[in-house]
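As a plain string of letters, each chain reads:
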Amino acid sequence: MDKSDFISIQSFNNSYISDFYALNKEWIEESWHLEESDINDLSNPQKYIIDKGGEVFFAIKNDKVIGTAAMVYADNKIFELAKMTVAEDCRGLGVANKLMDRCIEFAKEKAADKIFLITNSSLVIARNLYDKYGFKEIVLDSNKYGDRGNVKMSLYLNEKSCVE
């Protein structure tokens, strides 16, 4: 692989906040509008994600942010996978897989039992990714993302936590 094709996954860095906001705003506004929870998380990930025990990851190629994903601390041993997106011109390069691998690794490092996410049934490519990684659809018990979130999925990270 040519060095110019190398994609690294990096942890939160203040210098990437504007990229985090812009990339997520772009994909959300393709079909929906930003919710208050989005604006809070995207404007100040340090306060709303990092300081609460989560992490934001950035996919970097040629010193440019091309993707993001957040692991939001939800509860004891549970994280929410959120704010995952890849720049439109970089989709299909395996960036989402690299971000997903790092998010799962992070949850395991934190001894989490489960990762959940809220998505929309219209996001077929995203759903294929979640299915590939073993996420299973469960009962939607949240309206955090308004109309945008109509599917909830969970990934259990160890055998003992398979009871919903």
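See the structure printed just above.
Residues numbered from 1 in each chain as written. Predicted model: local features only at pLDDT ≥ 70, side-chain atom pairs only at ≥ 80, totals over all residues. Heavy atoms only, no water.

**Structural notes on the nonpolar core**
Piece 1. Met71, Leu81, Met100, Ile115 and Phe135 are the most contacted members of the largest nonpolar core, which has 51 residues in total.
Piece 2. Top element by residues in this core is helix H4 (residues 95-109). It accounts for 7 residues.
Piece 3. Here Met71 is in contact with Ile49, Gly54, Glu55, Phe57, Phe79, Glu80, Leu81, Cys103, Phe106, Ala107 and Ile115, once residues within four sequence places are set aside. (Core = buried A, V, L, I, M, F, W, Y, C linked by side-chain atoms within 4.5 Å. Buried < 20%, exposed > 50% of the residue type's maximum accessible area, 1.4 Å probe, protein only. Helix = DSSP H or I, 4+ residues; strand = E, 2+ residues; numbered from the N terminus. Contact = heavy atoms within 4.5 Å.)

**Section: the pattern of salt bridges**
Piece 1. Counted under the stated rule, the structure contains 9 salt bridges.
Piece 2. A salt bridge links Asp41 to Lys83; the nearest nitrogen and oxygen atoms lie 3.8 Å apart. Highlighted residues: Asp41 in helix H2 (residues 36-43) and Lys83 in strand S4 (residues 78-86), separated in sequence by 42 residues. Note on accessibility: Asp41 and Lys83 belong to one class, buried. (Salt bridge = Lys/Arg side-chain N within 4 Å of Asp/Glu carboxyl O.)

**Looking at the packing of helix H1 (residues 17-28) against H2**
Piece 1. At a closest axis distance of 9 Å, the pairing of H1 and H2 adopts a crossing angle of 155°. Taken as axis vectors, H1 and H2 run roughly antiparallel relative to one another. Contacts from Ile17, Phe20, Tyr21, Asn24, Lys25 and Ile28 in H1 reach Asp38, Asp41, Leu42 and Ser43 in H2.
Piece 2. Across the contact of H1 with H2, the residue classes break down as 5 nonpolar, 2 polar and 3 charged. (Axes fitted to C-alpha atoms, helices over the stretch in contact; angles between N-to-C directions. Parallel < 35°, antiparallel > 145°, perpendicular 65-115°, else oblique. Nonpolar A, V, L, I, M, F, W, Y, C, P; charged D, E, K, R; others polar.)

**Things to note about the pairing of strand S2 (residues 55-61)**
Piece 1. For S2, the buried fraction is high: 7 of the 7 residues fall into the buried class.
Piece 2. Along S2, one buried face is formed by Glu55, Phe57, Ala59 and Lys61 and the opposite face, lined by Val56, Phe58 and Ile60, is buried too.
Piece 3. Across 4 bridges, the pairing between strand S1 (residues 7-10) and S2 is antiparallel. By the bridge assignment, Ile9 is partnered in S2 with Ala59.
Piece 4. One ladder, built from 7 bridges, connects S2 with strand S3 (residues 64-75); its direction is antiparallel. By the bridge assignment, Glu55 is partnered in S3 with Met71.
Piece 5. From the end of S2 to the start of S3, which pair antiparallel, there are 2 residues, and Asn62 there has a positive phi angle of about 50°. (Pairing = 2+ DSSP bridges.)

**Some thoughts on the sheet that holds strand S6 (residues 136-138)**
Piece 1. Here 7 strands make up an open sheet; going across it, the order is S1-S2-S3-S4-S5-S7-S6 and the pairing mixed. Single-partner strands in this sheet number two, and they are S1 and S6. Neighbour-to-neighbour, the strand axes of the sheet open up by a mean angle of 30°, direction not taken into account.
Piece 2. Helix-sheet contacts for H1 involve S2, S3 and S4, and the interaxial angle to S3 is about 85°.
Piece 3. The strands touched by H4 are S1, S2, S3, S4, strand S5 (114-119) and strand S7 (151-156); relative to S4, the strand with the most contacts, the crossing angle is about 160°.

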